[in-house]
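What the coordinates show
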Amino acid sequence: MSPAFRARLEPRLERIAERFGTPFHIYDEAGIRQTVSSLKRAFAGVDYREYFAVKALPNPRVLAIMGELGFGFDCSSIPELMLARQVGAAPDAIMFTSNNTSQAEFADALGHGGCIVNLDDISLLDKLPEIPELLCFRYNPGPRRQGNDIIGKPEEAKFGVAHEQYEEAYRRALGLGAKRFGLHTMVISNETDFHGIVATARMMLAWAETLEDRLGIRFEFVNLGGGLGIPYEPGSEPLDIAAIGRGVAALVEEFRARRGYAPRIYTESGRYMTGPHGVLVARAINRKEIYRTYVGVDACMSALMRPGMYGAYHHVEVAGKNGSEPREVVDVVGPLCENNDKFAIQRELPRVVDGDLIVIHDTGAHGHSMGFTYNGRLRPQELLLRPDGSVERIRRAETVDDYFATLSFEPAVLGH
Ligand SMILES: *Cc1c(COP(=O)(O)O)cnc(C)c1O
């Protein structure tokens, strides 16, 4: 959460909570717009486009802002493709990077005017309903690169085409009639060291030269994937996005000097674009003192899975208590019958009493979208803090009717 977002939100938080009720995610439109500008500025030295990873924050109101500012969309399912089309994305502004893809998904991706299809395996060439003119394969470097906790070691990750198959993938695509090509990889997640991202660009530009020479083709773009990190923990360093831009631009210029042209550079960030520009706001409803002290709030993993799923750190604050209040060490928990339903474990916080607003930081990406309804716990509403200070509801909370919607169906029985 940036100081600017905090300054915009804090004075109004109690009124927002009264007007809309808790819990809610609230996103900072001004912050999102600034990050869009800073990303564009960082990559001003190259022919560049960001395809926002829809799964990070699949809300049409936010997607429309991204589209208006010139971004494309990275989708990996039919509903995500529908969202991108719904906000008016042109076919070349939609990248379909799925894995373990069904034929129905390929048919949808290639229908409706098409999009840029990024294949996750060589075998999928035979399963496409037709060979699109423009094709791309996701590269998995295996033991050549490190990866990290979220995405795993590349050689243990299910994603992409192996090193030894990569040339063959393009050779076969060429043989089947593809005419235009791109390159794609994504080897890191939540990376906050710019060197790794520049190294990825170097690796992929080297592939471009090798494959161009061997196959007599040209690559229109190199997609470096997502994975740009954000500082979840106070005091951790933000990613030096300008250094990435400079590093990538230098590599692209070397490429151009050798070959007389250069591919466009694409990224497909989610977290970096919206992560810091959202918070989850919940109210403390219970306090329990057993072997540990527990602060129970009115949100749970249905609103934010990352702490329970990855052990991810999300900074927590108690609204209005930033001063000299007595502090204590607590677990901040939701109501799920799962012991990992905790937003914070053994965290030192100002002493919380029932009714306090708890602000969980950096939930603008992979927050609401990852939620589930296990235990009958429904997903919360989403709000947008607009640049003029007004607040708009951009998704209502789920209701019991939503929960029961799949129980209204045509009865079907297969007799014995
Ligand atoms: C999840 C994902 C992204 C976005 O990742 P971030 O960590 O949010 O930047 C981009 N591309 C692909 C293929 C993904 O699966």
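Everything below is about the structure printed above this text.
In this report, the structure presented in the accompanying data block is examined.

Rules and cut-offs
- Residues numbered from 1 in each chain as written.
- Predicted model: local features only at pLDDT ≥ 70, side-chain atom pairs only at ≥ 80, totals over all residues.
- Heavy atoms only, no water.
- Helix = DSSP H or I, 4+ residues; strand = E, 2+ residues; numbered from the N terminus.
- Rg over C-alpha atoms; globule rule 2.2 N^0.38 Å.
- Buried < 20%, exposed > 50% of the residue type's maximum accessible area, 1.4 Å probe, protein only.
- Contact = heavy atoms within 4.5 Å.
- Areas by Shrake-Rupley, 256 points an atom, 1.4 Å probe, with all protein chains shown as cover.
- Lys, Arg positive; Asp, Glu negative; His and termini not counted.
- Charge placed at Lys NZ, Arg CZ, Asp CG, Glu CD.
- Core = buried A, V, L, I, M, F, W, Y, C linked by side-chain atoms within 4.5 Å.
- Domains from an automatic or database assignment.
- Disulfide = S-S within 2.5 Å.
- Axes fitted to C-alpha atoms, helices over the stretch in contact; angles between N-to-C directions.
- Parallel < 35°, antiparallel > 145°, perpendicular 65-115°, else oblique.
- Left-handed = near helix turned anticlockwise from the far one by under 90°.
- Near = heavy atom within 4 Å.
- Polar contact = N/O pair within 3.5 Å; in protein donor to acceptor, adjacent residues only side chain to side chain.
- Nonpolar A, V, L, I, M, F, W, Y, C, P; charged D, E, K, R; others polar.
- Arc of directions from axis to C-beta.

Broken down by element type, the protein chain carries 12 helices and 18 strands. Taking 416 residues into account, the globule formula puts the C-alpha radius of gyration at 22 Å, and the protein chain, at 23 Å, falls close to it. For the protein chain, the spread of C-alpha atoms along the principal axes amounts to about 70 × 65 × 40 Å. Counting the 416 residues in the protein chain, one finds 54% classified as buried. The contacts in the protein chain between residues at least 6 apart in sequence include a share of 69% that link residues at least 24 apart. With an accessible surface of roughly 18,500 Å², the protein chain has 50% of that area assigned to carbon and sulfur atoms. Positive and negative side-chain charges of the protein chain, numbering 47 and 55 respectively, have mean locations separated by a distance of 2 Å.

Ranked by size, the top nonpolar core spans 83 residues in total, and within it Phe43, Tyr166, Tyr170 and Leu183 carry the most contacts. A per-element tally of this core places helix 8 (residues 194-215) first, with 10 residues. Taken domain by domain, this core gets at least three of its residues from each of domain 1 (29-274) and domain 2 (276-405). Setting aside its immediate chain neighbours within four residues, Tyr170 contacts Leu135, Cys136, Phe137, Phe181, Gly182, Leu183, Leu211, Leu215, Ile217 and Phe219. Core analysis: the second largest hydrophobic core is formed by 18 residues, Leu280, Ala303, Val332 and Val352 among them.

Take the state of the cysteines next. Using the criterion set out here, one finds 0 disulfides in the structure. Free cysteine Cys136: the closest other cysteine sulfur is in Cys115, separated by 11 Å. Between Cys337, a free cysteine, and Cys300, which holds the nearest cysteine sulfur, the sulfur-to-sulfur gap is 10 Å.

Close contact between helix 8 and helix 9 (residues 241-259) brings their axes to 9 Å; oriented N to C, the two are set at 20 degrees. By the angle class used here, helix 8 and helix 9 are roughly parallel. Remark: the crossing between helix 8 and helix 9 carries right-handed chirality. Two secondary-structure elements touch here, helix 8 through Phe194, Ile197, Val198, Ala201, Arg202, Leu205, Ala208, Glu209, Glu212 and Asp213 and helix 9 through Ala243, Ile244, Gly247, Val248, Leu251, Val252, Phe255, Arg258 and Arg259.

Negative phi values dominate among residues other than glycine, just as trans dominates among peptide bonds. Pro23 follows Thr22 through a cis peptide bond whose omega is -5 degrees. Mapping Pro23 onto the fold places it in the loop between helix 2 (13-20) and strand 1 (24-28). Positive phi, normally seen in glycine, also occurs at Gln346, with a value near 45 degrees. Relative to the helices and strands, Gln346 resides in strand 15 (residues 342-350).

This part is about the site of the ligand. If you check the shell around the ligand, you find 13 residues, and the closest are Lys55, Gly227, Glu268, Arg271 and His366. Contact between the ligand and Asp74: a nitrogen atom at 3.4 Å from a side-chain N or O atom of the residue. In the environment of the ligand, an oxygen atom lies 2.7 Å from a nitrogen or oxygen atom belonging to the backbone of Arg271. Taking 390 Å² as the accessible area of the ligand by itself, protein coverage stands at 89%. For the shell around the ligand, the per-class residue count stands at 2 nonpolar, 6 polar and 5 charged.

What follows deals with helix 5 (residues 78-86). Turning to helix 5, its buried residues number three or more, namely Glu80, Leu81, Leu83 and Ala84. Summarising the axial view, the buried residues of helix 5 lie within an arc of 160 degrees, below the 170-degree limit, and thus occupy one face. Along helix 5, the residues that are exposed and aim more than 90 degrees away from the buried face are Pro79 and Gln86. Taken together, the buried residues of helix 5 touch helix 4 (60-68), strand 3 (72-75), strand 4 (94-97) and helix 6 (103-110).

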